[in-house]
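# Summary of the model geometry
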Amino acid sequence: MNCKCPECYFEFVIEEDLMIGEIVECPDCAIQLEVIEKNNGGIVFEVAQLEEEDWGE
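Overview of the structure. Within any chain, residue numbers begin from 1 and follow the written order of that chain's sequence. Local features in a predicted model are, by the rule used here, given only for residues with pLDDT of at least 70; side-chain atom pairs are given and counted only at 80 or more, and totals for whole chains, interfaces and linings are based on all residues. Heavy atoms from the whole structure form the basis of all side-chain values; hydrogens and water molecules are not counted.

## Let's talk about the nonpolar core
- With twelve residues, the main nonpolar core is built from M1, C3, C5, F12, I14, L18, V24, C26, L33, V35, I43 and F45.
- Taken together, the elements giving at least two residues each to this core come down to β4 (32-39) and β5 (42-47).
- Residue contacts are counted whenever heavy atoms from the two residues lie within 4.5 Å of one another. Setting aside anything within four residues of it in sequence, one finds C5 in contact with F10, F12, C26, C29, I31 and L33. Side-chain atoms within 4.5 Å link the members of a nonpolar core, which is a set of buried Ala, Val, Leu, Ile, Met, Phe, Trp, Tyr and Cys residues. Burial classification: accessible surface area is computed with a 1.4 Å probe over protein chains only, and a residue below 20% of its type maximum counts as buried, one above 50% as exposed, and the rest as partly exposed. Under the DSSP-based scheme used, a helix requires at least four consecutive residues in state H or I and a strand at least two consecutive residues in state E, with every element numbered from the N terminus.

Right, dumping it as structure tokens:
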């Protein structure tokens, strides 16, 4: 399935069996994208929010 990175607009191909909540990486800018919606054969991405370690602080 073809999709487009919402950050750099690079078009790339991904597997159609991705599930909501899965993280994929843009092959061009390497940003991590989270699948937030699947509709009519399309996938909507959002830039994944990375959790920072607090290391007990």
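## Looking at the packing of aromatic side chains
- Aromatic pairs are defined between Phe, Tyr and Trp rings, using the six-membered ring for Trp, whenever the two ring centres lie within 6.5 Å; interplanar angles under 30 degrees are classed as stacked, those over 60 as edge-to-face, and all others as tilted. Per the counting criterion, the structure on display carries two aromatic pairs.
- Here the aromatic rings of F10 and F12 are separated by 6.4 Å at their centres, their planes lie at 15°, and the arrangement is stacked.
- For the ring pair F12 and F45, a centre distance of 6.4 Å and an interplane angle of 25° mean the geometry is stacked. Placement of the pair is F12 in strand β2 (residues 11-13) and F45 in strand β5, with a sequence separation of 33 residues. In this pair, the class of F12 matches that of F45, namely buried.
- Pairwise contacts between aromatic rings join F10, F12 and F45 into one cluster.

Purely geometric stuff here, so don't read any function into it on its own.
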